[in-house]
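Secondary and tertiary structure notes
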Amino acid sequence: MMTTWINASCILVVFLALSILASYRMAGMIHLFAAQSLVVGLVPLFLRQFSLSQNDLMIVAITIVSKSFITPNILFWAIRHVPTRAEVKPLIGIGASLLVSALLIAVAFWVAASLQLPGLSKSNLVLPCSLAAVLLGFMLLVTRTRAISQVVGYLVMENGIFLFALSLFDAMPILIEMGILLDVFVAVFIMAIVVNHINEEFSRQPMTLVRSKMGENT
Amino acid sequence: MLLLKSIVLQWLYVGLMAPFLCGVIIKTKALVVGRVGPPLFQPFYDLLKLTRKQNVYSQTTTFIFRCAPVVVLSSLLILSLFIPLISQPAPIRFAGDILMFVYLLGIGRFFLIASSFDTGFSFAGMGASREAFFSCFTEVAFFMNLIILALLAQSISLSQMIGASTPLSWPLFGPALILVVSSLFLILLAENGRIPVDDPATHLELTMIHEVMILDYSGRDLAAMLYGAMLKFLIFAGILVPLLVPVRLGQAFPDLLVFTAGLIAIAVLVGIIESIMARLRLNRVRHLLLAAFALAFFGFIVTLWSRL
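Predicted model, so just to flag it, every value in this text is computed and none were measured.

Judged by nonpolar contacts, the single largest core of 158 residues is most densely connected at A:Val13, A:Val14, A:Leu136, B:Leu21 and B:Ala296. Here this core takes 18 residues from helix α9 (residues 219-244) of chain B, the largest share from any one element.

Given below as structure tokens:
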């Protein structure tokens, strides 16, 4: 019974990563990422079959709060304060990136099939799906030009790594997990500030170009 | 004789259900925005009204234009016999009937496209080219889903694939079936020109796909074309519902009730989606269809994985 839930949430994680790749609005991407983090955060509950120690419960709570509430809100704050266009600008088109991501999913499953890992995995879909999420996040990171969408790509990758760690360790080392979460949190925070600063630094640049062109015309 | 009876029953059910589902969608859309809306049986009245009118043909059209409604409607009527609706195995079934299914859809589509080129009307040509373009994507995704279902059911007959064994495959292959269902739903929206792809309520020439192709038809021919579109919705919903509602009670009548409820639920869902979403920009529709393909492909990989 639990395996079904774990499998379903693993599928959902990759599904949401695919929809993040297919979405062309920043806000939509962030919403989808929040949903994905919620699903990833719930997986430990299914892995432990709801019989959780206090530590586990704390990790679940902190993961969900930090990843699907705080981080998306920081990103929303960043896109509110940066007057950039709301649409993503991929280097390769969304259609092509969808096809490539379908291939990447196949690669992830192929790698997972030949990967012999120690530790017990309660569900056989966790490993390939986590690899697929990592690859899709990496794809997002590489093919997008706007900073915010790259941050989302980084976070999707992190979700994949989180899922991967879940499949490997029976008892999650709380210190490591907290460390990763803190890293991610700080990274997102810094990136939001950097995006803001880049914008302040270069906000006048395009305007001057526009002015000079206007001068030529008149 | 038994076959004849089941065919007649199936056609009776399909024939009455298709306009009714259309009415359900229109009613849902009206209710969501707070209007009363036309009665549920309005599509019946519309079709009856159209059959009483005479056909008007443009002078530039040839015999293709006149035979297209017949071909479209009859191909869809034959298609509807492949779906296990009333009797648990469908009236027509044989190994490999999924190929027949897809190609019959193709024949209907070919004649629809050919007839709209036949009018020499430039907007109809545009609509036809869009239909052809999008159907390239939907057919690939549809085939991918059929392959998954064939793998799950170990059969290449539609009656087996979405038939009695589906409730058994949900606990085992749930993840793959989730992907199949979501992919098929996107295909249903695209094939029937529903809202993220095309708006069936608009007659704005620059954006429409299906409506522009039947713009030159009138009278009985228009009724046949509209009826064909309703049948197509019922057929795609009829593939989706047995997967989505994995309940088989074993008796014909309760099963039919469950199935009808599922069909109405799909129609309501489509109506709600049409009310809360805007149509996608035309050059983004293919992304939606590629997403449907990617989901199906993912489902295919998951199926292979879980059979390892």
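Now, onward.
Contacts between the two partners involve 16 residues from chain B and, on the opposite side, 19 residues from chain A. Secondary-structure elements contributing two or more residues to the side of chain B that touches chain A are α7 (166-191) and α11 (282-306) of chain B. Looking at the side of chain B that touches chain A element by element, the count peaks at 10 residues for α11(B).

On to the environment of B:Leu31, then. Among the secondary structure elements, B:Leu31 is positioned in helix α1 (residues 2-32). The sequence separation of B:Leu31 and B:Ala292 amounts to 261 residues, and the corresponding C-alpha distance is 29 Å.

All names here are of chain B. Orientation of helix α3 (residues 63-79) relative to helix α4 (residues 97-118), taken along the N-to-C sense of each, is 160°, at an axis distance of 9 Å. In terms of orientation, α3 and α4 fall into the roughly antiparallel class. You can see that α3 and α4 cross each other, and the crossing is left-handed. For the pair α3 and α4, contact is made by Ile 64, Phe 65, Ala 68, Val 71, Val 72, Ser 75, Leu 76, Ile 78 and Leu 79 and by Phe 101, Leu 104, Leu 105, Ile 107, Gly 108, Phe 111, Leu 112, Ala 114, Ser 115 and Asp 118, respectively. Of the residues belonging to the contact of α3 with α4, the class tally is 15 nonpolar, 3 polar and 1 charged.

Residues and elements named next belong to chain B. Even without glycine at this site, Gln 154 takes up a positive phi of about 55°. Mapping Gln 154 onto the fold places it in the loop between α5 (122-153) and α6 (158-161). Judged by C-beta crowding, with 9 C-beta atoms within 10 Å, Gln 154 ranks as exposed.

Calculation notes
Residue numbers here run from 1 along each chain, matching the order of that chain's written sequence. Chains and ligands are labelled by the order in which they are written, letters from A for the one and numbers from 1 for the other. Local features in a predicted model are, by the rule used here, given only for residues with pLDDT of at least 70; side-chain atom pairs are given and counted only at 80 or more, and totals for whole chains, interfaces and linings are based on all residues. The term nonpolar core refers to a set of buried Ala, Val, Leu, Ile, Met, Phe, Trp, Tyr and Cys residues connected through C-beta atoms within 7 Å. Every C-beta atom is placed from the backbone, and the number of other C-beta atoms within 10 Å of a residue's own sets its class: buried at 20 or more, exposed at 12 or fewer, partly exposed in between. Labels follow the DSSP assignment, with helices taken as runs of H or I lasting at least four residues and strands as runs of E lasting at least two, numbered in each case from the N terminus. Contact between residues is assigned whenever the C-beta positions, reconstructed from backbone atoms, fall within 7 Å. The convention used is that axes are lines fitted to C-alpha atoms, helices contributing only their stretch in contact, and that angles between N-to-C directions extend from 0 to 180 degrees. Every angle not falling under 35 degrees, over 145, or within 65 to 115 is termed oblique; those three ranges are roughly parallel, roughly antiparallel and roughly perpendicular. Left-handed describes a crossing whose near helix is turned anticlockwise from the far helix by less than a right angle; the clockwise case is right-handed. In the scheme used here, Gly and all other residues not listed as nonpolar or charged are polar, with Ala, Val, Leu, Ile, Met, Phe, Trp, Tyr, Cys and Pro taken as nonpolar and Asp, Glu, Lys and Arg as charged.

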